[in-house]
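# Close look at the chain arrangement
For reference, the chains in residue letters:
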Amino acid sequence: ASSTFNGIAFNGRGELFTSGGFGIMRLDPSTGKPIGGTRGNGIVATTTGIVDLASCGLPPTMRLQKDIDARGAASDQFRLEIRADNTAQGDTLVQNATTTGATTGIQNEYAGTMVVTVGKSYTIREIGTRSSGSTDADLSKYITSYSCQWSDETTPVASSVLSTSAVSNAREARVGPIPSASE
């Protein structure tokens, strides 16, 4: 079943609220799945006739971007993934991007920017790929690490090395639970 939405808004926790003929519904912005509600359907108010929503909440966001110090081979590329943790079903790919070119430094391609939910965890993953030739970028030749920072800060609030993944030629880390801006 589909619904027509005529308004959306986010709260400070990153939860998405939509309005339509059904009333107001609360959704997970990463997956679109309903959160709570009277019957688990996400409907938090059955008021009809609402034609727009607005909010002053600034939801937290996430962006995954690659900074390459040196390339093992000019054709080495990196697929970046942000996955929402869904404990019952594993994780869900919600954003991805693959680098291009042979430059070093911060790459133009990035996964995100996406709204994330306070209290929820996400998996960030990097997979070695290639732009040409028959060999993927060998991640064992790279130090794969990450750092997290608030958008208005320059000092990281968390950092670590990505660990080996069950996915071939990949490294990953679980990030979260996402704190609120006041934590």
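Everything below is about the structure shown above.
Residues numbered from 1 in each chain as written. Predicted model: local features only at pLDDT ≥ 70, side-chain atom pairs only at ≥ 80, totals over all residues. Heavy atoms only, no water.

## Focus on the overall build of the chain
What counts is decided by this rule: Under the scheme used here, helices are H or I runs from DSSP no shorter than 4 residues and strands are E runs no shorter than 2 residues, and both carry numbers assigned from the N terminus. Only heavy atoms enter the contact rule, under which two residues are in contact if any of them lie within 4.5 Å. To be clear on the numbers: accessible area is Shrake-Rupley with a 1.4 Å probe, and residue cover counts the displayed protein chains and nothing else. Positive residues here are Lys and Arg, negative ones are Asp and Glu, while His and the chain termini are left out of the count. A single reference atom marks each charge: NZ on Lys, CZ on Arg, CG on Asp, CD on Glu.
Secondary structure summary: the chain contains 0 helices and 13 strands in total. Secondary structure elements in the chain, listed N-terminal to C-terminal, are β-β-β-β-β-β-β-β-β-β-β-β-β. Reported as C-alpha extents along the three principal axes, the dimensions of the chain are approximately 60 × 35 × 30 Å. In the chain, once contacts between residues fewer than 6 apart in sequence are set aside, the share between residues at least 24 apart is 58%. As displayed, the chain offers around 10400 Å² of accessible surface, 50% of which is attributable to carbon and sulfur atoms. Averaged over its 15 positive side-chain charges, the chain has a centre that lies 6 Å from the centre of its 17 negative ones.

## Some words on the sheet that holds strand β1 (residues 7-10)
Adjacent strands of a sheet pair through backbone hydrogen bonds, lying either parallel or antiparallel. Applicable threshold: Strands are labelled as partners when DSSP assigns at least two bridges between them. As a rule, the C-alpha atoms of each element are fitted with a line to give its axis, helices using only the stretch in contact, and angles between N-to-C directions run from 0 to 180 degrees.
The 4 strands lie next to each other as β1-β2-β3-β4, forming an open sheet whose pairing is antiparallel. Whereas interior strands pair on both sides, the edge strands pair on one side only; in this sheet they are β1 and β4 (43-45). Adjacent strand axes in the sheet meet at a mean angle of 30°, parallel and antiparallel pairs treated alike. The pairing of strand β3 (residues 23-27) with β4 spans 2 bridges and is classified as antiparallel.

## Some thoughts on the nonpolar core
One recurring pattern in soluble globular proteins: nonpolar side chains tend to sit buried together. Here is the rule: Throughout this description, the term nonpolar core refers to a set of buried Ala, Val, Leu, Ile, Met, Phe, Trp, Tyr and Cys residues connected via side-chain atoms within 4.5 Å. Relative accessibility under 20% of the residue-type maximum defines a buried residue, over 50% an exposed one, and the middle range a partly exposed one, all with a 1.4 Å probe and only protein chains included.
M62, I82, M114, Y122 and I124 are the most contacted members of the largest nonpolar core, which totals 16 residues. Among the elements of the structure, β5 (61-68), β6 (76-86), β8 (105-115), β9 (122-130) and β13 (170-175) are those that each provide at least two residues to this core. A per-element tally of this core places β6 first, with 3 residues.

## Quick look at the side chain of D28
Put simply, the rule is: Think of a polar contact as two N or O atoms within 3.5 Å of one another; within protein, one of them needs to be a possible hydrogen donor and the other a possible acceptor, and neighboring residues in sequence only count if both atoms come from side chains.
Mapped onto the elements of the fold, D28 is located in the loop between β3 and β4. Classification of D28 as buried rests on a relative accessible area of 10%. Polar contacts involving the side chain of D28 include one to the side chain of K120, which spans 2.3 Å. Beyond its immediate sequence surroundings of up to four residues, D28 is in contact with K33, I35, T117 and K120.

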